[in-house]
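# Examining the three-dimensional arrangement
Letter by letter, the chains look like this.
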Amino acid sequence: MQLDAFALTIAGRRSNNEDAVCARPELGLFVVCDGLGGYEGGEIASALAIDTIQDLVRRTAGDADVTWPYRIDPQRSITENEVVVATRLANDRIHAGRRGGFEQMGSTVALLRFAHGQVVIGHVGDSRAYRLRDGALEQLTIDHSLVSQMIAAGMQPDAAFPWRHVITRALGMPEAMPDVHSEPVRTGDVYLLCSDGLYEPLEPEEIAALLDVGPEASCRRLIDAAYAAGSRDNISAVVVRAC
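This report concerns the structure included in the present document. On a predicted model such as this, the values are computed, not experimentally measured, just so you know.

## A few points about the pairing of strand β6 (residues 118-124)
Of all 7 residues that make up β6, 6 are buried, and the element is covered over most of its length. Adjacent in sequence and paired antiparallel, strand β5 (residues 109-115) and β6 are bridged by 2 residues, among which His116 carries a positive phi angle near 55°.

Following this line, the structure appears as structure tokens:
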């Protein structure tokens, strides 16, 4: 399976960019992180998450005897375990750095890891993964957020709800375990990873329509559309097409 991909992040209407992205087709690894904690703290946390995750995946790919810092779950595949281990390691490194002016730093993460005809989807926080298949867009992650918890409990917060951006899980918190699952990949599938700065101002139908071109054009058009729609956050996208 060949993977055609493109990643892009912009500061948008903010003065600094706390998002970070990673596209490593040779590793089958793609990541979006949205830093928390303000200015330098958020930038450091998201960059540390990206660096930690891709370093572990790179070392695992290149060394059959690499040591993982946590025990594996025998109920999961080896690639699912790799995603869990990489994400937990990123969490622990961010948590260890939460001191002084960085005591509130953290990051979301949404990632894809392709291997053996499958893709593992992992996430912590409210960055999302989507899949476009046969023209139908499906959200593959459920936000770790107060709003999502309320919806699951049968409540419907309105647009004026003041805590719409409160997340309930993030890298940097104690024991911030990722949600992880796998699915088979079909030729022609298009996957999107994005931060909330992209998906919040856009309707799912708009996202689907803008994904139906090549990865680079899709990334640029999605980010342009989110900005034009009034996004006030950093805006990030990683688009991956299975060929």
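What follows continues from the structure just given.
## Considerations on the pattern of salt bridges
A complete count under the given rule lists 13 salt bridges for this structure. With its nearest N and O atoms 2.4 Å apart, the salt bridge here joins Arg58 to Asp55. Of this pair, Arg58 and Asp55 both sit in helix α1 (residues 39-62), 3 residues apart, roughly one helical turn. Residue Asp179 is joined to Arg169 by a salt bridge in which the shortest nitrogen-to-oxygen separation is 3.1 Å. With a gap of 10 residues between them, Asp179 in strand β9 (residues 179-184) and Arg169 in the loop between α3 (146-152) and β9 connect regions that are remote in the sequence. For Arg169, a relative accessible area of 25% translates into the label partly exposed.

Analysis parameters
- Residues numbered from 1 in each chain as written.
- Predicted model: local features only at pLDDT ≥ 70, side-chain atom pairs only at ≥ 80, totals over all residues.
- Heavy atoms only, no water.
- Buried < 20%, exposed > 50% of the residue type's maximum accessible area, 1.4 Å probe, protein only.
- Helix = DSSP H or I, 4+ residues; strand = E, 2+ residues; numbered from the N terminus.
- Pairing = 2+ DSSP bridges.
- Salt bridge = Lys/Arg side-chain N within 4 Å of Asp/Glu carboxyl O.

The analysis is restricted to geometry; functional conclusions fall outside its scope.
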